[in-house]
Every structure is written in structure tokens, then in C-alpha cells.
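One-letter residues, chain by chain:
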Amino acid sequence: MSTVTKPKHIGRNISRIRELKGMKQEALAIAIGVSQQSVSNIEGSETVDEEKLVEVAKALGVSVEAIINFSEEGVINYFNTFNEAVSSSNFGHNNTCNFNPLDKVVELYERLVQAEKDKVEYLEKLLKAK
């Protein structure tokens, strides 16, 4: 049995990171100053020259190492770990208010009533002036 590992497909990694970032090939092409077809060719290549890889990494907002070492399993594990941390800290699940919503409604109503009173007073002054 052979223990040879197949080399990482850098172009595929670029494609997946671009997709995860919600970026189209055309946007990446503009960011690195090439045509959309060139981006397609880069993403189809198993290897990418280092200079181009640095440009792509910068445009995607990731490190060159992140592109080279990218794995689908790593992304899934990251998000699972992140979600577990959020769940265990009860972040996002604490729906208690630190103020009374009725007090806020009353306060808003009182301000609206006062604004209307001020408006009426102003209009009465205008009428008396005529």
C-alpha cells in the first residue's frame, strides 16, 4: 500500500476561499489586475507561482499559508468549534431587557405629546400676530 499523499490543489483552494468570501471570479480578477479567464485558469491550476499567489492572498484578505493549507474539514471544524463556543457561553440566547419596554413607550408618547403642544402654541402665536 502506498503512503504517497497527493499534492494540494492550490487553484481549488483559491476557488473555495473566494466562494466562501462571496467573491466572484470577476471581482478577484479586477482586484489582481487580470482577466476573469485568467482567474479561471489560476483556479484550475494545481500550482500557482508565488508572486501571483501573494497577489491573490492579498485580494482575498488571507495569508498565503491559509491558501496553501486550506481544507474543507478545517473550515467545518472551525465553524463547529465557533458555534459550540457561542452556545456554551449563551451568547445570542440571552433575550432579557435591561429596561422596561413600557417605560420607553410612555417616554416616547410623552415626547410626541409635548412636541404637538409646542407646535400648537407656536401656531397660536402666529395667529395672534396677524
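An account of the accompanying structure is given in this report. (Residues numbered from 1 in each chain as written. Predicted model: local features only at pLDDT ≥ 70, side-chain atom pairs only at ≥ 80, totals over all residues. Heavy atoms only, no water.)

Describing the overall build of the protein
Definition in use: Put simply, DSSP marks the helices as runs of H or I at least four residues long and the strands as runs of E at least two long, and each gets a number from the N terminus on. Accessible area is worked out with a 1.4 Å probe on protein chains only. A residue is then buried under 20% of its type maximum, exposed over 50%, and partly exposed in between. A contact between two residues is defined here by any heavy atoms of the two lying within 4.5 Å.
The number of helices and strands found in the protein is 7 helices and 0 strands. Walking the protein from its N terminus toward its C terminus, one meets helices and strands in the order α-α-α-α-α-α-α. Sorting the 130 residues of the protein into buried and exposed places 19% on the buried side. In the protein, of all internal contacts separated by at least 6 residues, the share reaching a separation of at least 24 is 64%.

Thoughts on the nonpolar core
Applied cut-off: The nonpolar core is taken to be a set of buried Ala, Val, Leu, Ile, Met, Phe, Trp, Tyr and Cys residues, with the residues joined through side-chain atoms within 4.5 Å.
Residues Ile14, Leu28, Leu53, Val56, Leu60 and Ile67 are the most contacted members of the largest nonpolar core, which totals 16 residues. Listing elements by their share of this core, those giving two or more residues are helix H1 (10-20), helix H2 (25-32), helix H3 (36-44), helix H4 (50-60) and helix H5 (64-68). Per element, the largest residue contribution to this core is 4 residues, and it comes from H4. Setting aside residues up to four positions removed in sequence, Ile14 forms contacts with Leu28, Ile42, Glu43, Val48, Leu53, Val56, Leu60 and Ile67.

Side note on the pattern of salt bridges
Pairing is possible between side chains of opposite charge, provided their charged atoms come close. Rules: A pair is scored as a salt bridge if a Lys or Arg side-chain nitrogen falls within 4 Å of a carboxyl oxygen belonging to Asp or Glu.
Scanning all chains against the criterion turns up 6 salt bridges. For Arg18, the salt bridge identified is with Glu43, shortest N-O distance 2.5 Å. Taken together, the residues span a long stretch of sequence, with Arg18 in helix H1 and Glu43 in helix H3 at a distance of 25 residues. Summarising the burial analysis for this pair, Arg18 and Glu43 share the class buried. The residue Lys125 makes a salt bridge to Glu121 at a minimum N-O spacing of 4.0 Å. Of the two residues, Lys125 and Glu121 are both situated in helix H7 (residues 101-129); the distance of 4 residues between them amounts to about one turn of the helix. Here Lys125 falls in the exposed class, since its relative accessible area comes to 55%. Owing to a relative accessible area of 44%, Glu121 belongs among the partly exposed residues under this scheme.

Some remarks on H1
Considered for burial, the residues of H1 that qualify are Ile10, Gly11, Asn13, Ile14, Ser15, Ile17 and Arg18. On its buried face, H1 sits against H2, H3, H4 and H5. Positive backbone phi, approximately 75 degrees, marks Gly22, located one or two places after H1.

Regarding H4
Note the threshold: When we speak of the arc, we mean the arc of directions from the helix axis to the C-beta atoms.
Listed as buried for H4 are Lys52, Leu53, Val56, Ala57 and Leu60. Buried residues of H4, viewed axially, fall in a sector of 135 degrees; they line one side. Of the exposed residues in H4, those oriented more than 90 degrees away from the buried face are Glu51 and Lys58. In the core, the buried residues of H4 are packed alongside H1, H2, H3 and H5. Just downstream of H4 lies Gly61, where phi reads positive at about 75 degrees.

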